[in-house]
Amino acid sequence: NDANEFIDIVIPTGIGEARNALVVRTADAVIAFPGKYGTLSEMAFTLQAGKPLISVNAWSLGDDDVQAATPREAAEMVMKMAKERR
């Protein structure tokens, strides 16, 4: 196990785009940071799964994502969403 101490569930790499779907399906919400097509696919999987998506200067998907200026703001938004769902 090469994951750091903060990782609860290790998701193996080397499984291509399937990893992105696994990451999204196990998440309550997704915060996207600038990236390439892998980030875009994770964002698309998130929207298809009907889960909250917050973008921090990542791909803009129009009305389908919420934009945050900083990682802290994104985390606060996710926590607020989680609280509202309870």
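How each quantity is defined
- As a convention, each chain's residues are numbered from 1 in the sequence order in which they are written.
- Thresholds applied to this predicted model are a pLDDT of at least 70 for local features of residues and 80 or more for the giving and counting of side-chain atom pairs; totals over whole chains, interfaces and linings are not thresholded and use all residues.
- The basis for every side-chain value is the complete set of non-hydrogen atoms in the structure, without hydrogens or water.
- A run of H or I in DSSP becomes a helix once it reaches four residues, and a run of E becomes a strand once it reaches two; helices and strands are each numbered from the N terminus.
- Both definitions apply: the radius of gyration is a C-alpha atom measure, and the globule rule equals 2.2 Å times residues to the power 0.38.
- Relative accessibility thresholds used throughout: buried, under 20% of the residue-type maximum; exposed, over 50%; partly exposed, between the two (1.4 Å probe, protein chains only).
- The contact rule is simple, with two residues in contact once any of their heavy atoms fall within 4.5 Å.
- Positive charge is attributed to Lys and Arg, negative charge to Asp and Glu, and no charge count is given to His or to the chain ends.
- Every charge is mapped to an atom, namely NZ of Lys, CZ of Arg, CG of Asp or CD of Glu.
- Grouping buried Ala, Val, Leu, Ile, Met, Phe, Trp, Tyr and Cys residues that are joined through side-chain atoms within 4.5 Å yields what is termed a nonpolar core.
- Pairing between two strands is assigned when DSSP locates at least 2 bridges connecting them.
- Between the N-to-C directions of two axes lies an angle of 0 to 180 degrees, each axis being a line fitted to C-alpha atoms and, for a helix, fitted only over the stretch in contact.
- A 1.4 Å probe that fits but cannot get out identifies a cavity on a 1 Å grid over protein atoms alone, an open set with protein on both sides within 12 Å along at least five of seven lines counts as a pocket, and a residue lines either if it has an atom within 4 Å of a point.
- Grid points are joined across faces, edges and corners, and a volume is the space filled by probe spheres set on the points.

Here we come to the overall build of the protein. Looking only at helices and strands, the protein has three helices and three strands in total. Start at the N end of the protein and walk to the C end: the helices and strands fall as α-β-α-β-β-α. On C-alpha atoms alone, the protein measures out to a radius of gyration of 13 Å, which is about the 12 Å that the 2.2 N^0.38 rule sets for 86 residues. With 86 residues in all, the protein has 24% of them scored as buried. Put simply, 26% of the contacts in the protein that link residues at least 6 apart link residues at least 24 apart. With 9 positive and 12 negative side-chain charges, the protein shows a separation of 4 Å between the mean positions of the two kinds.

Further remarks concern the nonpolar core. Listed in full, the seven residues of the largest apolar core are Val-24, Ala-27, Val-30, Ala-32, Met-43, Leu-53 and Ala-58. Formed by five residues, the second largest nonpolar core is a distinct cluster that contains Ile-54, Val-56, Ala-68 and Val-78.

With that settled, consider the sheet that holds strand β1 (residues 30-32). With parallel pairing, three strands are arranged side by side in an open sheet as β1-β2-β3. Two strands bound the open sheet, and with one partner strand each, they are β1 and β3 (66-67). For β1 and strand β2 (residues 53-55), the ladder comprises three bridges, and the chain directions are parallel. The partner of Ala-32 across the bridge, within β2, is Ser-55. Against the sheet, helix α2 (residues 37-49) engages β1 and β2, with an angle of about 150° to β2. Here helix α3 (residues 71-85) sits on the sheet in contact with β1, β2 and β3, set at roughly 165° to β2.

Now for the side chain of Glu-42. Looking at the secondary structure, you find Glu-42 in helix α2. Given a relative accessible area of 18%, Glu-42 falls into the buried group. Residue contacts for Glu-42: discarding those within four places in its chain leaves Arg-19, Asn-20 and Val-24.

In this structure, the largest pocket spans a volume of roughly 400 Å³. Around the largest pocket, the lining comprises 13 residues; the ones closest to its centre are Ile-7, Asp-8, Ile-9, Val-10 and Ile-11.

Here we take up unusual backbone geometry. Backbone geometry at Asn-57 places phi at a positive 60°, although glycine is not the residue there. Note on placement: Asn-57 falls in the loop between β2 and β3. Classification of Asn-57 as exposed rests on a relative accessible area of 56%.

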